[in-house]
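Report on the structure
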Amino acid sequence: MRYLIFIFFVIVFTGSILSCGTGNKSKQIKEYKYIEGKRAITGDLGKKEEAWIKEGMTCYGIIILADKDGNAKKVKEIEARIVSIQPGKIKMKAMEDLVLAPVEGCTKTGIKKGETWDELEGDLFQTREEAINYIGTKYPETQVIVR
């Protein structure tokens, strides 16, 4: 019985070694197609995208604490890094901790350094001051958190 198992494994091992690398890969490589181009954001997010937005750069985003009906209750800017740009969203990574006081109907009260999120609206700014000014004009009725 051991002899049969040994022979079986030798046959399988030999077959796997012989099958590796015997095919002509040049035909498969010729079939690969690479289309070079700029990554674009589509939809409403693409309309807001500016030339300075690039992967790996640090900028400022906005964190909104909303109630269960989706109404913004508290708003704060946050330093973040652009991780990747994909169609319809920008993957962001928090570069600082931000803790907001709880709001009834909201389960998340902040974000920790290193946590990621998908920016769907494209509200990104080069400076903290730009983000604060935007919050003041776009969300005047909300409570703005001051550091």
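Here we summarise the structure given alongside this text.

Reading the values: rules and limits
- Residues numbered from 1 in each chain as written.
- Predicted model: local features only at pLDDT ≥ 70, side-chain atom pairs only at ≥ 80, totals over all residues.
- Heavy atoms only, no water.
- Core = buried A, V, L, I, M, F, W, Y, C linked by side-chain atoms within 4.5 Å.
- Buried < 20%, exposed > 50% of the residue type's maximum accessible area, 1.4 Å probe, protein only.
- Helix = DSSP H or I, 4+ residues; strand = E, 2+ residues; numbered from the N terminus.
- Contact = heavy atoms within 4.5 Å.
- Patch = residues over 30% accessible without salt bridge, like charges linked within 9 Å, V, L, I, M, F, W, Y side chains within 5 Å.
- Areas by Shrake-Rupley, 256 points an atom, 1.4 Å probe, with all protein chains shown as cover.
- Salt bridge = Lys/Arg side-chain N within 4 Å of Asp/Glu carboxyl O.

Ranked by internal contacts, the top residues of the largest apolar core, which has 17 residues, are Ile82, Met92, Trp117 and Leu124. The set of elements that each furnish at least two residues to this core consists of β1 (58–66), β2 (72–86) and β3 (89–94). Counting residues per element, this core draws most heavily on β2, at four residues. Excluding residues that lie within four positions of it along the chain, leucine 124 makes contacts with Trp52, Ile53, Cys59, Tyr60, Gly61, Ile82, Ile90, Met92 and Glu119. Counting eight residues, the second-largest nonpolar core is a separate cluster that includes Tyr60, Ala131, Ile135 and Tyr139.

What follows is about a nonpolar patch on the surface. Taken together, Met1, Ile5, Phe8, Phe9 and Val12 make up a surface patch of nonpolar side chains, about 580 Å² in accessible area. Structurally, phenylalanine 9 is set in helix α1 (residues 2–19). Under the relative-accessibility criterion, phenylalanine 9 is labelled exposed at 53%.

Bringing the pattern of salt bridges into the picture now. By the definition in use, this model includes five salt bridges. The residue glutamate 77 makes a salt bridge to lysine 76 at a minimum N-O spacing of 2.9 Å. For glutamate 77, a relative accessible area of 2% puts it in the buried group. Aspartate 118 is the partner of lysine 91 in a salt bridge, and the nearest nitrogen-oxygen pair spans 3.5 Å.

In short, geometric facts, not functional conclusions.
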